[in-house]
Amino acid sequence: KPRLLSGMQPSADSLHLGNYIGALLSWKALQETHDAFFFLADLHAITVPQDPARLRENSRRTAAQYIAAGIDPERSTLFVQSHVPAHAELAWVLNTITGFGEAARMTQFKDKAVKQGQDSASVGLFTYPILQAGDILLYQAVDVPVGEDQRQHVELTRDLASRFNSRFGETFTVPKPYILKESAKVYDLQNPSSKMSKSAESAAGLIWLLDDPKVSVKKIMRAVTDADGEVRYDQAEKPGLANLLTIFAILDHRSIDSVVEEFAGGGYGTLKKALAEIVVGTVEPIRARTLELMDDPAELDRILAANADRADEVASATLATVYDRVGFLPRR
Ligand code: TYM
């Protein structure tokens, strides 16, 4: 089976609908056909300030949401990044073959650094994509299922893998981004020109997987659309509606055309009501199962520990090869 790797930052109390549609949904399907590794990117999370107690809690919550959304920790390897020391170690080596200018071109860093204020943004935030490249290369992953916002980081990973291979000899599999066109980008419900993101200005634009379903229904009913009132798919002219249609089609496993057909002629209200039902139907079982899993943190920790052992085995083997290739003196 081809190797696959992906991860998310455990940096919020809950994952949101963008994480679910852009990543988790395809992870769940791909674990059937791939030797899949899914992790919680806690090393990445601390590139912006985190409260330690909340980070620990959110790591368990994120793991619980993976499992509740259908990631099977018996079949896939579900682990915590900081449990596998090779991530930080490979990142160091990759830092040394990355150009300063190359790193400076990463748009996510630029966005986040502007938000933080250039001078207070950490060096960790700057080298973040290089750590991400290490995550992927340690497991010799072929496919990396992510949302559109992560494409540039996977491209950097490809460049670094090829560069290392040509300098030091074939070591890394060169991975490719696995991005589904329709689900690649879920937009903010209040501001449909920006992606749905945990750092959004207003909470009204985000559907959290762990929110009370009543709150999610309200947010959908209040989603920004347009004054024209006609149900048709037009990303440029009607981005708010296009986003709702996309979410509808994906969660209801049908084409956008068939959704448009069903609701054409009706008002936006009818469409929103039907969408709210579908979203709640998707999110509610995940929320219920997550809360159940959170009731037994010891069991969650046990699952994560066992999976970390599996991940560590693969990662240490790659790191050992890398250390040898770059010319480090063996310890014994
Ligand atoms: P993160 O935690 O920001 O997001 C997790 C996943 O959710 C996707 N996503 C979206 N997809 C569609 N629409 C949206 N509005 C939306 N918002 C988020 C992201 O594309 C991602 O797939 N750097 C990564 C974590 C990471 C990683 C890795 C991923 C670290 N190392 C190695 C893959 C491979 C991140 O911050 O994702």
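Residues numbered from 1 in each chain as written. Predicted model: local features only at pLDDT ≥ 70, side-chain atom pairs only at ≥ 80, totals over all residues. Heavy atoms only, no water.

Per an unreviewed UniProt entry, the protein carries the name Tryptophan--tRNA ligase and comes from Herbiconiux gentiana. Listed in UniProt under the heading Sequence similarities (unreviewed entry), the comment for the protein reads: "Belongs to the class-I aminoacyl-tRNA synthetase family." (UniProt positions renumbered as here; feature names shortened; annotations may be inferred.)

Asks: Hey, could you run me through the site of the ligand in this one?
Replies: Looking at the ligand, there are 29 residues lining it, with Tyr128, Asp135, Gly147, Asp149 and Val186 nearest. In this structure, an oxygen atom belonging to the ligand sits 2.6 Å away from a side-chain N or O atom of Tyr128. For the ligand, a nitrogen atom lies 2.6 Å from a polar atom in the side chain of Asp135. Sorting the residues of the shell around the ligand by element identifies strand E1 (3–8), helix H1 (17–30) and helix H7 (123–138) as the ones contributing at least two each. Among the residues making up the shell around the ligand, the classes are represented as 12 nonpolar, 12 polar and five charged. (Near = heavy atom within 4 Å. Polar contact = N/O pair within 3.5 Å; in protein donor to acceptor, adjacent residues only side chain to side chain. Helix = DSSP H or I, 4+ residues; strand = E, 2+ residues; numbered from the N terminus. Nonpolar A, V, L, I, M, F, W, Y, C, P; charged D, E, K, R; others polar.)

Asks: Can you help me understand the packing of aromatic side chains in this one?
Replies: Tallied over the entire structure, the rule returns 11 aromatic pairs. Centroid distance Phe79 to Tyr139: 5.6 Å. Interplanar angle 45°. Geometry classified as tilted. Taken as a pair, Phe79 in strand E3 (residues 77–80) and Tyr139 in the loop between H7 and strand E4 (143–145) lie far apart in primary sequence, 60 residues in all. Across the pair, Tyr139 and Phe79 agree in class, each one buried. Cluster of aromatic residues (ring-pair linked, three or more members): Phe37, Phe39, Phe79 and Tyr139. (Phe/Tyr/Trp six-rings, centres within 6.5 Å; stacked < 30°, edge-to-face > 60°. Buried < 20%, exposed > 50% of the residue type's maximum accessible area, 1.4 Å probe, protein only.)

Asks: How do you make sense of the UniProt feature "binding site: L-tryptophan" (unreviewed entry) in the protein when you look at a structure like this?
Replies: Within this numbering scheme, the UniProt entry marks Asp135 as carrying the feature "binding site: L-tryptophan" (unreviewed entry). Turning to its location among the elements, Asp135 is positioned in helix H7. You can call Asp135 buried: its relative accessible area is 2%. Dropping the residues within four chain positions of it, Asp135 is found in contact with Leu5, Phe39, His44, Gln81 and His87. A distance of 2.9 Å separates a polar atom in the side chain of Asp135 from a polar atom in the side chain of Gln81. (Contact = heavy atoms within 4.5 Å.)

Asks: Even after reading the chapter, I still don't get the packing of helix H3 (residues 52–68) against helix H13 (residues 297–326), so can you show me in this structure?
Replies: Two measures define how a pair of helices packs: the angle their axes make with one another and the distance between the axes. At a minimum axis distance of 11 Å, the contact between H3 and H13 shows a crossing angle of 80°. Viewed along their axes, H3 and H13 adopt a mutual orientation that is roughly perpendicular. For the pair H3 and H13, the contacting residues are Arg60, Ala63, Ala64 and Ile67 in the first and Pro297, Leu300, Asp301, Ile303 and Leu304 in the second. Of the residues assigned to the contact of H3 with H13, the class counts are seven nonpolar, no polar and two charged. (Axes fitted to C-alpha atoms, helices over the stretch in contact; angles between N-to-C directions. Parallel < 35°, antiparallel > 145°, perpendicular 65-115°, else oblique.)

Asks: For this particular structure, what's the right way to read unusual backbone geometry?
Replies: Note on backbone geometry: most residues besides glycine have negative phi, and most peptide bonds are trans. Non-glycine residue Gln140 carries a positive phi angle of around 55°. Along the polypeptide, Gln140 turns up in the loop between H7 and E4. Classification of Gln140 as partly exposed rests on a relative accessible area of 21%.

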